[in-house]
Amino acid sequence: MKLLKYMLFLLVGLASCACTEEAGNPAFADDELYIYDQTAATLTTMVGEEFKMSLTVSPNDGSVECCWLLDEQPISYAKDLVYVFTRPGTYSLRFEAVRGGRAISKKYTLTVTERI
């Protein structure tokens, strides 16, 4: 009987410890980094319109540095891009994320057309 009470006590203790862990934001290694993206590789917008693009970066704990590059020139250091193009053309757009010495990026081709 004592053994049964002891096992029940241990089981309740383990169950309560398991419930106190925070689910939803797992621990990441210092150099672990992900970009989640369902955007097509070829994008279009028009001159004078606000072009908006947002990617999900993980971990999302403030440890990731972000940069948007247009033809390899930085245009924003925010995770979400809002930009107005003034000239038509075809551009190379790249999003780069850096964390703990590791850098990863996503590349796009962006065509900007004149308003009709």
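If you're wondering where the values come from, they're calculated on a predicted model, not measured in any experiment.

Caption draft 1: Examining the overall build of the protein more closely. Each helix and strand in the protein was counted, giving one helix and nine strands. Overall, the protein shows an N-to-C arrangement of helices and strands of α-β-β-β-β-β-β-β-β-β. Buried positions account for 26% of the 116 residues belonging to the protein.

Caption draft 2: Structural view of the sheet that holds strand 8 (residues 89–99). Spatial ordering of the open sheet is given by 2-9-8-5-6, a layout of five strands whose pairing is mixed. Across the chains shown, the open sheet's two edge strands, defined by having one partner strand only, are strand 2 (42–46) and strand 6 (73–76). Put simply, the sheet's adjacent strands are angled 35° from each other on average, direction ignored. Pairing between strand 2 and strand 9 (residues 102–113): five bridges, direction parallel. Residue pairing across strands places Met46 opposite Thr113, the latter belonging to strand 9.

Caption draft 3: Representation of the pairing of strand 8. Where strand 5 (residues 65–70) lies against strand 8, six bridges are found, and the strand directions are antiparallel. Paired with Glu65 across the two strands is Val98, which belongs to strand 8. Pairing of strand 8 with strand 9 involves 11 bridges; the strand directions are antiparallel. Directly across from Glu96, in strand 9, lies its bridge partner Ser105.

What counts and how
Residues numbered from 1 in each chain as written. Predicted model: local features only at pLDDT ≥ 70, side-chain atom pairs only at ≥ 80, totals over all residues. Heavy atoms only, no water. Helix = DSSP H or I, 4+ residues; strand = E, 2+ residues; numbered from the N terminus. Buried < 20%, exposed > 50% of the residue type's maximum accessible area, 1.4 Å probe, protein only. Pairing = 2+ DSSP bridges. Axes fitted to C-alpha atoms, helices over the stretch in contact; angles between N-to-C directions.

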